[in-house]
Amino acid sequence: MKTIGCFATCLLIVFALAACTPPADPVAVTRPVTLVGTAVPTAVVTLKAEATDVPPTNSPTPLPTNTAGRPLEPGIEATATPRPPQPPNPTADAPAAIPPEEIAQRVADGLNWTAVRGIDGFPLRKLAGFEYGFRFALYGYCEFGPYRWLTDDQLMLFPVVAYTAAYEDPTLGKVAQAVVFNTADGTAWLPDAPRTDGCDLPVWSVARQQVIEASNGEVRLRDLAGNIVATYPGSLPLFIAPSGQRLLAGHNWIDLSTGELVSLSGWPRVKFPRPAWSEDETKIFECCFSYVNIATGEYWTRGGFPGFWVSGVGVGPGYYGSESYWLIDDTQILVQPGGVLFQREAAKRALPLIDPESQTYRDIIELLSLPETIVDCAPFVAPNGAYLWLTCAEYVDEVYNQFADPAYLITLPALEVVPMPGNLLFLGWSADGRFLTYNNVANREASSGQTWLMPTAGEPQLIAEESADFAAWHPGTPTVALGYGASQQLLFVQAETGQSRWLDFPYGVSQIVWQPAGSGVAILSVEGTLYWLADPLAANSEPVPVTRPMPEVNTLRWSPNGRHLAFISQNDFYVVEITTE
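In this text, all values refer to a predicted model and were calculated from it rather than measured experimentally.

1. Observations regarding the overall build of the chain
Of regular secondary structure, the chain possesses 3 helices and 48 strands. Here the chain, with 581 residues, has 53% of them falling under the buried criterion. Here the analysis covers contacts within the chain between residues at least 6 apart in sequence; of these, 49% occur between residues at least 24 apart. Carbon and sulfur atoms form 54% of the exposed surface of the chain, whose accessible area is close to 24900 Å².

2. With respect to the side chain of Thr-360
As for its position among the elements, Thr-360 is in strand 28 (residues 360-363). Accessibility expressed as a relative area gives 16% for Thr-360, which makes it buried. A distance of 2.8 Å separates the side chain of Thr-360 from the side chain of Ser-358, its partner in a polar contact.

3. Structural notes on the pairing of strand 38 (residues 470-473)
The sheet contact formed by strand 38 and strand 39 (residues 479-484) spans 4 bridges and is antiparallel. Bridged to Ala-472 within strand 39 is Ala-481. Between strand 38 and strand 39, which follow one another and run antiparallel, lie 5 residues.

4. Observations concerning the environment of Leu-533
Mapped onto the elements of the fold, Leu-533 is located in strand 44 (residues 530-533). As a C-alpha pair, Leu-533 and Val-544 span 11 residues in sequence and 6.6 Å in three-dimensional space.

5. So, the sheet that holds strand 13 (residues 218-222)
Spatially, 4 strands are ordered 11-12-13-14 in an open sheet, and the strand pairing comes out antiparallel. Sheet topology places strand 11 (203-205) and strand 14 (228-233) at the edges, where each strand pairs with a single neighbour. Ignoring which end each strand starts from, the neighbouring axes of this sheet average 25° apart. Bridge analysis of strand 12 (residues 210-215) against strand 13 gives 5 bridges, and the strand direction is antiparallel. When the sheet's bridge partners are listed, Ser-215 is paired in strand 13 with Glu-218.

6. A few points about unusual backbone geometry
Look at the link from Cys-287 to Cys-288: it is a cis peptide, with omega at 20°. For Cys-288, the position within the fold is in the loop between strand 20 (283-286) and strand 21 (290-293). Here the bond from Leu-412 into Pro-413 is cis, since omega is 0°, no more than 30 degrees from zero. With respect to the helices, strands and loops of the structure, Pro-413 is situated in the loop between strand 32 (407-411) and strand 33 (416-420). Although it is not a glycine, Asp-330 adopts a positive phi angle of roughly 60°. Locating Asp-330 in the fold gives a position in the loop between strand 24 (323-327) and strand 25 (332-336). Given the relative accessible area of 18%, Asp-330 is considered buried.

7. Details of the nonpolar core
In this structure, Leu-111, Leu-127, Phe-130, Tyr-147, Leu-157 and Phe-573 are the most contacted members of the largest nonpolar core, which totals 24 residues. When residues of this core are traced back to their parent elements, those giving at least two are helix 2 (100-110), strand 5 (147-149), strand 6 (154-157), strand 7 (160-163), strand 9 (179-182), strand 47 (564-569) and strand 48 (572-577). Of all hydrophobic cores here, the second largest spans 22 residues; its members include Ile-328, Ile-365, Ile-374 and Cys-392.

What counts as what
- Residues numbered from 1 in each chain as written.
- Predicted model: local features only at pLDDT ≥ 70, side-chain atom pairs only at ≥ 80, totals over all residues.
- Heavy atoms only, no water.
- Helix = DSSP H or I, 4+ residues; strand = E, 2+ residues; numbered from the N terminus.
- Buried < 20%, exposed > 50% of the residue type's maximum accessible area, 1.4 Å probe, protein only.
- Contact = heavy atoms within 4.5 Å.
- Areas by Shrake-Rupley, 256 points an atom, 1.4 Å probe, with all protein chains shown as cover.
- Polar contact = N/O pair within 3.5 Å; in protein donor to acceptor, adjacent residues only side chain to side chain.
- Pairing = 2+ DSSP bridges.
- Axes fitted to C-alpha atoms, helices over the stretch in contact; angles between N-to-C directions.
- Core = buried A, V, L, I, M, F, W, Y, C linked by side-chain atoms within 4.5 Å.

In structure tokens:
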């Protein structure tokens, strides 16, 4: 027995030493990056489209009258289908006998905010007390996932406080409770909200610096200390407009700056989140499909259109998979589908451009007159709504090709089309929509190919003779980080200037998060170490570890000022201060 005990003790010492070992340093290397002289010639084709009152750019030729938009049939309300499963977090079994309200209060009272051992120069604090873990975002579920930053010091966390009895698997049907936590003084308070397994929880207005909740037919605006500063009639779900000054609370539209309230009690909403707000925030469109005009009182709701059908509708409250965009001076809507699919006969994909006022639509994919072999097309709308990338798949001689040649870059609303030759895998848009990256997948099975960068107003340029594992664009400047070799190499490229830099890591990279204010980037390695790279394009800027290896690290997010980086490790919440002096 003594021998066994000694052996176990030795093992524990070895593991402890391993856990305390500082992570290996990444190595910066110089490699050639081709940015000129490799452009692929492209041809521009303009889709024929019906004329509108607002002349679109590039003056496209009007559609013939027999291809005009189709009228909508009488409204049909969408039906519900089961929600997709959510992945389990490491949690304990919530006691069924304890009410969620009591567990929620225990969470608020039992939070432990303490300094923990980290890397010298990078203060690390741990917030413990989340016995059952956090709500998790899957397939766009519960948009903010386990937590979100409110200010540089305040957070809203979504810990699990119970499970519903509707699910046999205890890892599903998680009931979350919003907790507002102040990192400066360690205090916490609980916004009021019905405790269900949905995602209908309080929202945050950046413009007003207020937490907005709803329960028992009342909407309450609270300051960051939890004090009620205003109330309105309304209910869940809550959707805050881009300005932060207008709110959709159930069937009430509220102007928070003036107090004006418009009742929409007759509007049978489909309740799919991420509604599209017009620029003046008086017109709202929800996929799939619902529309209201606050100024005129006009509204309609339906479950489908003639000419195509919608699959995946009704995946449950809180689903954020599809996003809609107002185009052409807020007169037409384009939906970038997520969990829902728009399909025509023979199960071919549709991509409708919808005019809510006239209740007509045009199918962009149909206008392309693609070959019969094309069975599917995935759209990627630029953040500025000015461009659309379309990658299609096809069946030829019973062989499925995921990347049909060509792909298409479409200018909106002019519907000018640039065919992009090659088997292309789209990687992402820059935040301003002026640049994009894609792989030309020469041989998908052999993992061979090339990485290309393309300005929307220019020609594509080769940047690497390998296919990238991923692309992560900076939220402000047009700078992109690309991963290679199972992400043990990173390539940083400034799209406007062509400046670039390769960086080698001793471990694979599992996540990259750009600093919101500045040029720095946080890098998470697969073995759980966080690194800080102050200037990825500077030759003398090296990644430095800011934490030791930690288990199950996920959900890295910067505070608004970019000074603090939050993350979750197992069931605990951490914040590390990034000193930039």
